[in-house]
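The chain contents come next:
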Amino acid sequence: MSKLADILHKVQKPGRYIGEEFNVVKKDHAHCGVSVVLAYPDIYEIGMSYLGLKILYHLLNEREDVVCERVFMPWDDLAGELRNEDMKLFSLESRTPLKDFDIVGFSLSYELTYTNVLSMLELGGIEVLSSERGEDAPLVIAGGACCYNPEPMHRFIDVFVIGDGEEALPALVDRYTELKKNKIGRKEALRALAGMRGVYVPSLYEPKYVGEEFKGLEPIGPDIPRVVEKACVTSFDSTYYPVKQLVPLVKTIHDRISVEIMRGCPNRCRFCQASAVNRPLGIRKPETVRKLCRETYLHTGYERISLLSLSSVNYPGLAGLFEALKEDLGSRRVSISIPSLRVDEAFYDVPGMLSDMRKSGLTFAPETADDLLRSALGKDIDMGILCKSASLAYRHGWKRIKLYFMVGFSSSVKDEAENILQMSAKVSGVRRETASKPAEVKVSVNPFVPKAHTPFQWLPMRSRQELEEIRGQLLSSRSKYVEVDVHDIRQSFLEACMSRGDRKVADIIYTAWNNGARFDGWRDHFDPVLWADAFKANGADIDSYACQRFGMDDVLPWEHISAGIPKDMLKKELIASGLYQ
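Being a predicted model, the structure only gives us computed values, none of them experimental.

1. Overview of the overall build of the chain
In step 1: When helices and strands are counted, the chain shows 20 helices and 19 strands.
In step 2: Against the compact-globule benchmark of 25 Å for 581 residues, the chain has a radius of gyration of 24 Å, which places it among compact chains.
In step 3: Structurally, the chain occupies a C-alpha span of about 70 × 65 × 45 Å along its principal axes.
In step 4: Counting every position in the chain, which comprises 581 residues, the buried fraction comes to 57%.
In step 5: In the chain, of all internal contacts separated by at least 6 residues, the share reaching a separation of at least 24 is 76%.
In step 6: Of the roughly 23800 Å² of accessible surface on the chain, a fraction of 48% belongs to carbon and sulfur atoms.
In step 7: Counting 76 positive and 81 negative side-chain charges, the chain places the centres of these two groups 4 Å from one another.

Structure, rendered in structure tokens:
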């Protein structure tokens, strides 16, 4: 790695690649039985904001028999230099090329990072296609929310880890260590891993068709499970959390202590995959959260703490927890925040709790401005509660609010844009009750993307033309206090193809990557023409995939993966929504 010093001065942010952070763990590979590199397929600033990576990094490094390191997708500048100098992508801690690790583990939390996975494999000296990897190649694994439909990435990943990583990954490493000691060959090792809970080995399943109609995946032998059950922690309160965790050298997206107070959500919105796959609901006791926050502060020095969950306002005893944390850390000027807030009467206590904390802004997610449609989504809130919540926030000193909406549900009203703008203006204007001018309201709008294992998994996306019309109406609005941002519809269509796609999508991803697709989640890098060409080259169409309406009796591409919710229950929820016509 002597060349590295010569090229780092040529790149934009060398701090992304030097691996000398506070609390970093460095071990001698020769003294550890198994080497693992955790790979996040986006830049350092995003990957180091991902709590899951920090948890698994420190969990594995607490074992004497494992060395665990990190790697992130390099920006274009370093990727180009690596190719020019014939160097391989390397881990941050020891600068070991990816090809020299036993296990390369990717976190798949967003579908539009898929081509980055392929790039990292190639840059790291690993065959992109799993079928072409030899006996000496690392085991390429992947976990994360996207793995609940693994099929679009089946050609590139050897093993998918389904469910809670804290439960599944250490068990997989244990089994791999045993296989490595016994010098078990690659094919035999994959077969041995396939019997574990939460482990899916795609090469051990064959697709079945009747004509062109997909009829499911068939295990290649009786020892291979027909359905892969997700791994699940048995006690969330006692689940591992690293208090002595990495502190980045480069400013990250979420530069703070993040502590999960709940995993899952008591509010079962019908569109929400995170709620669906994270059942049963897990709750950390207030005294546990308090202890973790105190100890992590002592080991990191962060001045901000974020209490994470899908619906933090519904955490039992939230007010008491806030008071305890202010007692512990308030004198040290440590601020406490909670993420996107459910519009719920439970919120009414929150502004008072946060009144003496730093006021950067509050985020609400009403999802839609139509009352009947909110009920169909399973989000039973009303405008009165939202306005009262905003009013309470303004009274306690907040000046800015962010609102999240989705558009494009199958039976949504034609004037979606107008309703969103009216609701946003009303939330802004509520501030006039306590101040001389309205509040600043930032509106973020995303097209609805159906996700696997939710009641809405059978629904199509709205047509591109209709979504573009809604987008145009939203962006043409002019308001001094309401700012609107609409996610790129073309990116949302591609996300839908990957989130609900079958094995054929893997060929499309491979074609697009070969033609130059990288950083598809970045607006300035996303090339819709390149992707349209890739679909066409494989005899497919983006719109047809995204707008595909599954029949309730169809075999779905992810049917062999179980998130723990019976299909009949999802069907009942879909019918109850009234959106399946």
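2. Side note on the packing of helix α15 (residues 464-475) against helix α16 (residues 489-499)
In step 1: Contact geometry for α15 and α16: axes closest at 11 Å, N-to-C directions at 140 degrees. The pairing of α15 with α16 is recorded here as oblique in orientation. Crossing handedness for the pair α15 and α16: right-handed. Contacts between α15 and α16 involve R464, L467, E468 and R471 from the first element and I489, R490 and F493 from the second.
In step 2: In terms of residue class, the contact of α15 with α16 is made up of three nonpolar, no polar and four charged.

3. Some words on helix α6 (residues 165-181)
In step 1: The terminal C-alpha atoms of α6, which comprises 17 residues, lie 24 Å apart, in line with the 24 Å expected from a rise of 1.5 Å per residue.
In step 2: Turning to α6, its buried residues are G165, E166, A168, L169, P170, L172, V173, Y176, T177 and L179.
In step 3: A positive phi of about 55 degrees marks K183, the residue just after α6.

4. Notes on helix α9 (residues 286-300)
In step 1: Taking 1.5 Å per residue as the helical rise, α9 with its 15 residues ought to reach 21 Å, and the 21 Å between its terminal C-alpha atoms agrees with that figure.
In step 2: Among the residues making up α9, those that are buried are T288, V289, L292, C293, T296, Y297 and T300. The buried side chains of α9 occupy one side of the element, clustering within an arc of 160 degrees when seen end-on. Exposed residues pointing more than 90 degrees away from the buried face of α9 are listed as E287 and L298.

5. As for the packing of α16 against helix α18 (residues 528-537)
In step 1: Between α16 and α18, the shortest axis-to-axis distance is 11 Å and the interhelical angle comes to 35 degrees. In this structure, α16 meets α18 at a crossing whose hand is left-handed. Across from R490, L494, C497 and M498 in α16, the residues of α18 making contact are P528, W531 and F535.
In step 2: In terms of residue class, the contact of α16 with α18 is made up of six nonpolar, no polar and one charged.

6. Looking at unusual backbone geometry
In step 1: R279 connects to P280 through a cis peptide bond whose omega is 5 degrees.
In step 2: Residue placement: P280 occurs in the loop between α8 (273-277) and β12 (282-283).
In step 3: Located in the positive-phi region is N23, a residue other than glycine, with phi close to 75 degrees.
In step 4: Residue R95 is not a glycine yet carries a positive backbone phi of 60 degrees.

7. A short note on the environment of R471
In step 1: Position of R471 relative to the elements: it lies in helix α15.
In step 2: For R471, a relative accessible area of 27% translates into the label partly exposed.
In step 3: It is 8.6 Å that separates the C-alpha atoms of R471 and V445, two residues lying 26 residues apart in sequence.
In step 4: Beyond its immediate sequence surroundings of up to four residues, R471 is in contact with V486, H487 and I489.

8. Quick look at the pattern of salt bridges
In step 1: The final tally for this structure, using the stated rule, is 41 salt bridges.
In step 2: Between E323 and K326 there is a salt bridge, with its nearest N and O atoms 3.3 Å apart. Taken as a pair, E323 and K326 lie in helix α10 (residues 318-329) at a separation of three residues, close to a single helical turn.
In step 3: For K326, a relative accessible area of 17% translates into the label buried.
In step 4: Notably, a salt bridge pairs K451 with E495, separated by 2.9 Å at the nearest N-O pair. Separated by 44 residues along the polypeptide, K451 in the loop between β17 (440-447) and α15 and E495 in helix α16 bring together distant segments of the chain. Grouping residues by exposure puts K451 and E495 together as buried.

9. Focus: the sheet that holds strand β6 (residues 199-200)
In step 1: The strand order across the open sheet built from six strands is β2-β1-β3-β4-β5-β6, with neighbouring strands paired in mixed fashion. Lying at the two open borders of the sheet, with one neighbouring strand each, are β2 (66-72) and β6.
In step 2: Relative to β6, strand β5 (residues 159-161) runs antiparallel, the two sharing two bridges. Note on β6: the bridge partner recorded for F160 is Y200.
In step 3: Here helix α5 (residues 114-123) sits on the sheet in contact with β1 (34-40), β2, β3 (103-107) and β4 (139-143), set at roughly 160 degrees to β3.

10. Remarks on the pairing of strand β10 (residues 257-260)
For a regular strand, side chains alternate in direction, first toward one face of the sheet and then toward the other.
In step 1: A two-sided burial pattern is seen for β10, the buried positions comprising I257 and V259 on one face and S258 and E260 on the other.
In step 2: Both β10 and strand β13 (residues 304-308) contribute to a ladder of four bridges, which runs parallel. Residue pairing for β13: I257 is matched across the bridge by I305.

11. Overview of the pairing of β1
In step 1: With seven of its seven residues buried, β1 lies for the most part within the structure.
In step 2: The alternating pattern of β1 places V34, V36, L38 and Y40 on one face and S35, V37 and A39 on the opposite face, and all of these are buried.
In step 3: With seven bridges joining them, β1 and β2 adopt parallel strand pairing. Looking at the pairing, S35 lines up with V67 of β2.
In step 4: Relative to β3, β1 is paired through four bridges, and the arrangement is parallel. The partner of A39 across the bridge, within β3, is F106.

Reading the values: rules and limits
Residues numbered from 1 in each chain as written. Predicted model: local features only at pLDDT ≥ 70, side-chain atom pairs only at ≥ 80, totals over all residues. Heavy atoms only, no water. Helix = DSSP H or I, 4+ residues; strand = E, 2+ residues; numbered from the N terminus. Rg over C-alpha atoms; globule rule 2.2 N^0.38 Å. Buried < 20%, exposed > 50% of the residue type's maximum accessible area, 1.4 Å probe, protein only. Contact = heavy atoms within 4.5 Å. Areas by Shrake-Rupley, 256 points an atom, 1.4 Å probe, with all protein chains shown as cover. Lys, Arg positive; Asp, Glu negative; His and termini not counted. Charge placed at Lys NZ, Arg CZ, Asp CG, Glu CD. Axes fitted to C-alpha atoms, helices over the stretch in contact; angles between N-to-C directions. Parallel < 35°, antiparallel > 145°, perpendicular 65-115°, else oblique. Left-handed = near helix turned anticlockwise from the far one by under 90°. Nonpolar A, V, L, I, M, F, W, Y, C, P; charged D, E, K, R; others polar. Expected span 1.5 Å × (residues − 1). Arc of directions from axis to C-beta. Salt bridge = Lys/Arg side-chain N within 4 Å of Asp/Glu carboxyl O. Pairing = 2+ DSSP bridges.

By themselves these figures say nothing about function.
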